[in-house]
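Examination of the molecular architecture
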Amino acid sequence: MRFNEEIDEAGVFRTWLEMERETKASVLVLLFMVLFSHIHGNLEGDALHMQRSSLNDPRGVLQSWDPTLYNPCTWLHITCNADNSVIRVDLGSADLSGQLVPELGLLKNLQFLRLNNNRLSGHIPMSLTAISTLEVLDLSSNKLKGEVPSNGSFAVFTPVSFANNKHLCGRVTGKRCPGSPPFYTPPPPLSSGKVPSIY
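Summarised in this report is the structure supplied together with it. (Residues numbered from 1 in each chain as written. Predicted model: local features only at pLDDT ≥ 70, side-chain atom pairs only at ≥ 80, totals over all residues. Heavy atoms only, no water.)

Along the backbone of the protein there are two helices and nine strands. For the protein, the α and β elements follow one another from N to C terminus as α-α-β-β-β-β-β-β-β-β-β. Within the protein, counting contacts between residues at least 6 apart in sequence, those at least 24 apart form 44% of the total. When the accessible area of the protein is evaluated, it comes to approximately 12,900 Å², of which 61% is carbon and sulfur surface. (Helix = DSSP H or I, 4+ residues; strand = E, 2+ residues; numbered from the N terminus. Contact = heavy atoms within 4.5 Å. Areas by Shrake-Rupley, 256 points an atom, 1.4 Å probe, with all protein chains shown as cover.)

Shown next as structure tokens:
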């Protein structure tokens with residue numbers, strides 16, 4: 001009987017060790033999931049913080065943009081949807097200067113981007129054209145330069161979105177970029193709809 005008791009005690013001990021290992025493994029998996037979801041969940045916050053880092057903000061408009069928070073939905077001038085994804089950045093007339101960063105293209109659910117009446121300079125990041133949800137864009141009255149993209153989401157924006165940036169060029173601005181070919185405008189269709197005869 002003593003032998004069976006030792007086996008039982010050893011069996012109980014082994015079970016306890018197995019439980020401890022399973023608990024440690026579960027804790028590690030849970031920790032990994034929390035860290036991964038924090039990194040993934042804060043991707044938009046990281047992108048916006050990169051933008052903040054590239055700007056001069058003399059009025060402290062971006063003071064609430066704290067990168068240590070889980071997501072940027074509590075930041076001023078940011079609106080999120082029910083899934084805590086950024087859908088609106090509204091920083092018009094905020095006295096900001098600096099450049100736009102390509103990381104803004106990581107805001108995959110962004111619908112509204114208003115940065116008008118600031119002193120932003122540099123080029124418009126091509127990454128913004130990949131945001132298929134972007135419906136409203138106002139970069140007017142800044143100091144932006146270079147060619148305005150005309151592909152992706154930018155294909156629908158009008159000159160109003162880029163007005164008063166005297167160093168911007170491209171089809172939407174009506175101003176040809178240096179070294180680029182002239183804009184091609186197809187001839188209007190004939191009013192009769194008939195093809196003219198050359199005979």
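The tally for this structure, following the rule as stated, stands at three aromatic pairs. Look at Trp65 and Trp75: their rings are 5.3 Å apart centre to centre, the planes differ by 25 degrees, and that puts the pair in the stacked class. Within this pair, whereas Trp65 is found in the loop between β1 (55-56) and β2 (78-80), its partner Trp75 is found in the loop between β1 and β2, the two being separated by 10 residues in sequence. Here the aromatic rings of Phe154 and Phe162 are separated by 6.0 Å at their centres, their planes lie at 35 degrees, and the arrangement is tilted. Accessibility expressed as a relative area gives 2% for Phe154, which makes it buried. Taking relative accessible area as the criterion, Phe162 reaches 3% and is therefore assigned buried. Of the aromatic side chains, those joined through ring pairs into one cluster are Phe154, Phe157 and Phe162. Of note, Arg88 hangs over the ring of Phe112, and the distance from its end group to the ring centre comes to 3.6 Å. (Phe/Tyr/Trp six-rings, centres within 6.5 Å; stacked < 30°, edge-to-face > 60°. Buried < 20%, exposed > 50% of the residue type's maximum accessible area, 1.4 Å probe, protein only. Lys NZ or Arg CZ within 6 Å of the ring centre and 35° of its normal.)

What follows is about the nonpolar core. In this structure, Leu48, Val89, Ile124, Phe154 and Phe162 are the most contacted members of the largest nonpolar core, which totals 35 residues. Within the residue set of this core, elements represented by two or more residues are α2 (43-53), β2 and β3 (86-90). Those residues in contact with Leu48 that sit more than four places away from it in its chain are Trp65, Pro72, Trp75, Ile78, Val86, Val89, Leu104 and Leu107. (Core = buried A, V, L, I, M, F, W, Y, C linked by side-chain atoms within 4.5 Å.)

Within the secondary structure, Ser140 sits in the loop between β7 (136-138) and β8 (143-147). Among the residues examined, Ser140 registers a relative accessible area of 10% and is labelled buried. Residue contacts for Ser140: discarding those within four places in its chain leaves Asn116, Asn117, Val160, Ser161, Phe162, Ala163 and Asn165.

Another aspect to go through is the pairing of strand β6 (residues 119-122). Residues Leu120 and Gly122 line the buried face of β6, whereas the alternating positions Arg119 and Ser121 sit on a face that is not buried. Where strand β4 (residues 97-99) meets β6, three bridges bridge the pair, whose relative direction is parallel. What sits directly across from Ser97, in β6, is Arg119. Pairing geometry for β6 and β8, over two bridges, is parallel. Its bridge partner lying in β8, Gly122 is registered against Leu144. (Pairing = 2+ DSSP bridges.)

By themselves, these are just geometric observations and shouldn't be taken as functional.
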